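Single-letter residue listing:
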There are 2 protein chains.
Amino acid sequence: MSPAGNGKPKRDTYRHGDLRNALIEAALELARQGGPEAVVLRAATRQAGVVPNAAYRHFADRDALLHAVSQAAMAQVARTMEAEQAAVPPTENPAAAARARFRAVGTGYLRYAREEPGLFRAAFHVPGDMTHAADDTAAGATGKTPFELLGEALDGLVDAGLLAADRRPGAEFLAWSAVHGLAILLIDGPLRGLPSTQAHDAVQHVIDMIERGI
Amino acid sequence: MSPAGNGKPKRDTYRHGDLRNALIEAALELARQGGPEAVVLRAATRQAGVVPNAAYRHFADRDALLHAVSQAAMAQVARTMEAEQAAVPPTENPAAAARARFRAVGTGYLRYAREEPGLFRAAFHVPGDMTHAADDTAAGATGKTPFELLGEALDGLVDAGLLAADRRPGAEFLAWSAVHGLAILLIDGPLRGLPSTQAHDAVQHVIDMIERGI
DNA sequence: CGGCCTAAGTGGATGCTGTCCACATTGGAG
DNA sequence: CTCCAATGTGGACAGCATCCACTTAGGCCG
C-alpha cells in the first residue's frame, strides 16, 4: 500500500504480459457505460495498472483503440444476431423459416442496441469511416459480420420466394437504414426509455414495414 | 498590433453587445465543418474576440452552447423540408399532392443531411436527450418543427386515402427510422461518398419502401 | 445630472486530456 | 553470455472545460 492508492490491478513484473488485450477490455467497459466518448486512453491504462504512454506501444493513438473497441462490439452484435436466429423454433415450412431468420437479424440488432447502448454506439462510431463493418474482426461465432448475416437472410427470402429477385440488389441498405434508424431513436432519440414491451412492438412494426416495403 | 495576433474580429468596447449570438454563429461554423465534437468553447470565444470565460455569462456550459447549435440546425432542417415542399409542382390531383408533400419531407431531410453533414450530426447529437426535437426554437419558417412537418404530411396521406387511418398512429416513427437510418449510412456509413445520382436513387428507394410498408 | 448596482468581460488557476521525447528495463535470440 | 529490440516509465507540453475573484461600464434611481 506504499506506492499509491490507485485502482486494484497491481503488477510486480516490469512487463505486463498482455497489455493490448487488457486495454481493449478496459476500453470496452468504459464504452459500455458512457459510449465511445467515454473511452479515454488514460483511464484504460490506469485500469490496466500501467502508465498512459504504455498504450502507444500497442495503439497508434486513441482512435486506434476506439477502432478495436468498435470491432469487438460489432462482433457482439453479430453474436446477438446469431443467438436470435438460433432461438427460432424449428419449422417444416421453409418460407416461414427464411422469414424468421430474416426477422431475427433485425431483432438481434435492436436487442443489442437496447441492451448495450454504449457499446452499440461505440460499434458504429467511426471517425470518418464505418466501412470496416465487413472486417473479419467484426465477425461473430460463425465468422460472419452483421452485414453478411443480413445479406444471407435476404438471400434466404429470395430463395423462399418471399422476395422478388429484382428487388434483392441493394435491399440490405433499405433494411439496415430502417433498423439502424430505429435503434437510434430508441437509445438516443424520442423513443428512449420506452417500456420494454412497447419497444418490442416498435421493433416488430419496423420489421413489418421492411418486409412489406422492401 | 501590440496586444496580440489573434483572429480578426477586434473590439474596442468593453461590452461585446451581442455575444450570445456571436457565439452561436461561431459554434455553427465549427459544427458545419467537423460536427458536434468540433464545437469547442474556447474556439468560439476566440472567434468572437472574447476571453473563454465570457461564454459562461450566456451559456451554463459547453453542452448548453451545443444545444443552441442543435436547435438552430434543426430549424434549418425544417426550412429545407419546407423548401422541398414548396418546390413540388402544383397538381390537380389531391392524392398526388399529398404524396408529393410526404415525399418532400423525406427528401428535404436527406438533402440537408448530405449538404450539411456536420450540422446535421450536430442537430441530432444530444447528450442523453433528443426529445427537444419539438421545441419552438427548432422550427422553420412556417413555425413548424421537422417532426411536426412529418406528422402533417402523414395526416395528408390519410386524408387523401393513401394511408389507412389505423396505420396512422406511430407512423412517424417508422418513417423517421428509415429516413434517419439512411442519412447516417450516407454521411458516416458505408454509403458515404456515394455519387450524388446514386445517393438520390437510394433516397427514392427508401421512401418507396416507407410508402409501401408504412 | 450624478452615483451606484449589477450584468458582462477579464485574469489566473486547477485538473483533466492526448501526445511527444528521452530514458530504463528485461526477455529472448545469437 | 551478451546484446538488441520490444515494452514500460517519467517528465513535459499544449489544449480543453470549468471555477473563483476581480474589473469595467451601462443604465436605472434619486
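Since the model is a prediction, treat every value here as computed from it, not as a measurement. For every chain, the first residue of its written sequence is number 1, and the numbers climb from 1 along that sequence. Chains carry letters from A onward and ligands carry numbers from 1 onward, assigned in written order. Given that this is a predicted model, residues contribute local features only at a pLDDT of at least 70 and side-chain atom pairs are listed and counted only at 80 or more, while totals for whole chains, interfaces and linings are drawn from all residues. To obtain the side-chain values, all non-hydrogen atoms of the structure were included, while hydrogens and water were left out.

Undergrad: Even after reading the chapter, I still don't get the environment of Gly106(A), so can you show me in this structure?
TA: Mapping Gly106(A) onto the fold places it in helix 4 (residues 94-115). Between two residues, a contact is recorded if the distance between any of their heavy atoms is within 4.5 Å. Ignoring anything within four residues of it in the chain, the contact list for Gly106(A) reads Val179(A) and Ile207(A). Numbered from the N terminus, helices here are DSSP runs of H or I no shorter than four residues, and strands are runs of E no shorter than two.

Undergrad: Would you mind showing me how to read the confidence of the model for chain A here?
TA: Note: predicted coordinates in regions of low pLDDT should not be interpreted at a detailed level. On a scale of 0 to 100, pLDDT captures the predictor's confidence in every residue. Looking at chain A as a whole, the pLDDT averages 92, with 92% of positions reaching at least 70. Taken as a whole, residues 1-7 of chain A scores under 50 in pLDDT and shows zero contacts with residues more than four places along the chain or in a different chain.

Undergrad: Would you take a moment to explain the relation of the copies chain B and chain A for this structure?
TA: Note that the two copies of the chain are related through a rotation about an axis and a translation along the same axis. The transform that puts chain B on chain A rotates by 180 degrees and translates by 0.0 Å along the axis, for an RMSD of 0.0 Å. Taken together, the rotation and translation relating the two chain copies correspond to the operation of a two-fold axis. Mapped onto chain A, 100% of the interface residues of chain B again fall at the interface, so both copies present the same surface. A residue counts toward the fit only if its pLDDT is at least 70 in both copies, and the copies are then superposed by least squares on the C-alpha atoms of those residues.

Undergrad: Looking at this structure, I do not really get the packing of helix 4 (residues 94-115) of chain B against helix 8 (residues 196-213) of chain B. What am I missing?
TA: Helix-helix packing is described using two parameters, namely the angle between the two axes and the distance between the axes. Residues and elements named next belong to chain B. In the contact formed by helix 4 and helix 8, the axes pass within 10 Å of each other and the chain directions differ by 140 degrees. One element, helix 4, and the other, helix 8, form an angle in the oblique class. The crossing of helix 4 and helix 8 is right-handed. Touching Arg99, Phe102, Arg103, Gly106, Thr107, Leu110 and Arg114 of helix 4 are Ser196, Ala199, His200, Val203, Gln204, Ile207, Asp208, Ile210 and Glu211, all from helix 8. Interaxial angles span 0 to 180 degrees and are taken between N-to-C directions of axes, which are lines fitted to C-alpha atoms, for helices over the stretch in contact. Oblique is the label for any angle not covered by the other classes, which are roughly parallel (under 35 degrees), roughly antiparallel (over 145) and roughly perpendicular (65 to 115). Put simply, a crossing is left-handed when the front helix is turned counterclockwise from the back one by less than a right angle, and right-handed when it is turned clockwise.

Undergrad: Explain the protein's contact with DNA strand C to me, please; I cannot follow it from the model alone.
TA: Being near a molecule or strand, for a residue, comes down to having at least one heavy atom within 4 Å of it. If you check the shell around DNA strand C, you find 22 residues, and the closest are Leu41(A), Arg42(A), Asn53(A), Asn53(B) and Arg57(B). Of what DNA strand C places within 4 Å of the protein, 49% of the atoms are sugar or phosphate. Two N or O atoms form a polar contact when they lie within 3.5 Å of each other; inside protein one atom must be a possible hydrogen donor and the other a possible acceptor, and for residues adjacent in sequence the pair counts only when both atoms belong to side chains. Here a phosphate oxygen of DNA strand C and a side-chain polar atom of Tyr56(A) are 3.1 Å apart. A distance of 2.2 Å separates a base oxygen of DNA strand C from a polar atom in the side chain of Arg57(B). Considering every element that reaches the surface near DNA strand C, the biggest residue donor is helix 2 (residues 41-47) of chain A, with three residues. For the surface near DNA strand C, the per-class residue count stands at nine nonpolar, four polar and nine charged. Gly is placed with the polar residues, together with every amino acid not listed as nonpolar (Ala, Val, Leu, Ile, Met, Phe, Trp, Tyr, Cys and Pro) or charged (Asp, Glu, Lys and Arg).

Undergrad: Got a minute to help me understand the protein's contact with DNA strand D in this structure?
TA: Asn53(A), Arg57(A), Arg42(B), Arg46(B) and Asn53(B) are the nearest of the 22 residues found near DNA strand D. For DNA strand D, the backbone makes up 48% of the atoms found within 4 Å of the protein, where backbone means sugar plus phosphate. Interatomic distance of 2.8 Å between a side-chain N/O atom of His58(A) and a phosphate oxygen of DNA strand D. It is helix 2 (residues 41-47) of chain B that contributes the most residues to the surface near DNA strand D, three residues altogether.

Undergrad: Where do I start with the nonpolar core in this structure?
TA: Considering soluble globular proteins, one finds that nonpolar side chains tend to be buried as a cluster. Working definition of a nonpolar core: buried Ala, Val, Leu, Ile, Met, Phe, Trp, Tyr and Cys residues. They are joined through side-chain atoms within 4.5 Å. With a 1.4 Å probe rolled over the protein chains alone, any residue whose accessible area is under 20% of its type maximum counts as buried; one over 50% counts as exposed, and the rest are partly exposed. With 129 residues, the main nonpolar core has Leu65(A), Phe102(A), Tyr109(A), Ile214(A), Phe102(B), Tyr109(B) and Ile214(B) as its most contacted residues. Excluding its chain neighbours within four sequence positions, the residues that come into contact with Phe102(B) are Leu150(B), Ala153(B), Leu154(B), Leu157(B), Ala175(B), Ile210(B), Glu211(B) and Ile214(B).

Undergrad: I tried to follow the packing of aromatic side chains on my own but got confused; where do I start?
TA: By convention here, two paired aromatic rings are described through the distance between centres and the angle between planes. Note on ring pairs: Phe, Tyr and Trp rings are taken, using the six-membered ring of Trp, and paired if centres are within 6.5 Å. Classes follow the plane angle, with under 30 degrees stacked, over 60 edge-to-face and the rest tilted. Scanning all chains against the criterion turns up 12 aromatic pairs over all chains. The interplanar angle of 40 degrees and the centroid separation of 5.9 Å between the aromatic rings of Phe147(A) and Phe173(A) together place this pair among those described as tilted. Pair noted here: Phe147(A) is in helix 6 (residues 146-159) and Phe173(A) is in helix 7 (residues 171-187), with a separation of 26 residues, a long-range link. Given a relative accessible area of 25%, Phe173(A) falls into the partly exposed group. Relative to Phe124(B), the ring of Tyr109(B) has its centre 5.7 Å away and its plane inclined at 45 degrees; by these criteria the two rings are tilted. Taken together, the residues Tyr109(B) in helix 4 and Phe124(B) in the loop between helix 5 (117-123) and helix 6 (146-159) connect sequence positions 15 residues apart. Overall, Tyr109(B) belongs to the buried group, its relative accessible area being 4%. The exposure class assigned to Phe124(B) is buried, which follows from its relative accessible area of 11%. Put simply, the rings of Tyr109(A), Phe120(A), Phe124(A), Phe147(A), Phe173(A) and Trp176(A) touch in pairs and so form one group of aromatic residues.

Undergrad: Help me understand the pattern of salt bridges, please; the structure alone is not making it clear to me.
TA: A side chain of one charge can pair with a side chain of the opposite charge if their charged atoms are brought near each other. Residues and elements named next belong to chain A. A pairing counts as a salt bridge when a side-chain nitrogen of Lys or Arg comes within 4 Å of a carboxyl oxygen of Asp or Glu. On inspection of all chains with the given rule, the structure shows 22 salt bridges over all chains. Asp155 serves as the salt-bridge partner of Arg168, at 2.8 Å between the closest nitrogen and oxygen. With Arg168 in the loop between helix 6 and helix 7 and Asp155 in helix 6, the pair connects residues that are 13 residues apart, well separated along the chain. The structure contains a network of salt bridges with shared partners spanning Arg99, Arg103, Asp208 and Glu211.

Undergrad: Can you walk me through helix 4 of chain A in this structure?
TA: For an α-helix, the turn length of 3.6 residues means that residues three or four places apart are oriented alike. All names here are of chain A. Here a helix's expected span is defined as the number of its residues, less one, multiplied by 1.5 Å. The terminal C-alpha atoms of helix 4 lie 30 Å apart, and with 22 residues this matches the ideal 32 Å at 1.5 Å per residue to within 8%. The set of residues buried in helix 4 consists of Ala98, Phe102, Arg103, Ala104, Val105, Gly106, Thr107, Gly108, Tyr109, Leu110, Tyr112 and Ala113. As for helix 4, its buried residues are in contact with helix 3 (62-86), helix 5 (117-123), helix 6, helix 7 and helix 8 (196-213).

Undergrad: Even after reading the chapter, I still don't get the interface of chain B and chain A, so can you show me in this structure?
TA: Interface extent is often summarised as the accessible area lost during association of the parts. Contact with chain B, which involves 27 residues of that partner, is made by 27 residues of chain A. Approximately 2400 Å² of surface area, both sides summed, lies buried where chain B meets chain A, with 69% of it carried by carbon and sulfur atoms. Summed over the shared surface of chain B and chain A, the result is four residue pairs in polar contact (both at pLDDT 80 or more). Elements supplying a minimum of two residues to the side of chain B that touches chain A: helix 7 (171-187) and helix 8 of chain B. The buried area of a pairing is the accessible area, by a 1.4 Å probe, that goes missing from both parts when the two are put together, added over both.

Undergrad: What's the story with the domain arrangement of chain A in this structure? I'm lost.
TA: Residue and element names in this part refer to chain A. Where each domain begins and ends is defined by an automated method or by a domain database. We note that the domain assignment places domain 1 (19-57) and domain 2 (67-213) within chain A. Taken together, the nine residues of domain 1 in the interface contact nine residues of domain 2. Three residues, Leu28, Arg32 and Pro36, lead the burial of domain 1 against domain 2; their summed loss comes to 62% of the area buried on that side. Applying the counting criterion to the domain 1 and domain 2 interface returns two salt bridges. Notably, a salt bridge pairs Glu116 with Arg32, separated by 3.4 Å at the nearest N-O pair. Tallied by class, the residues present in the side of domain 1 that touches domain 2 amount to five nonpolar, two polar and two charged.

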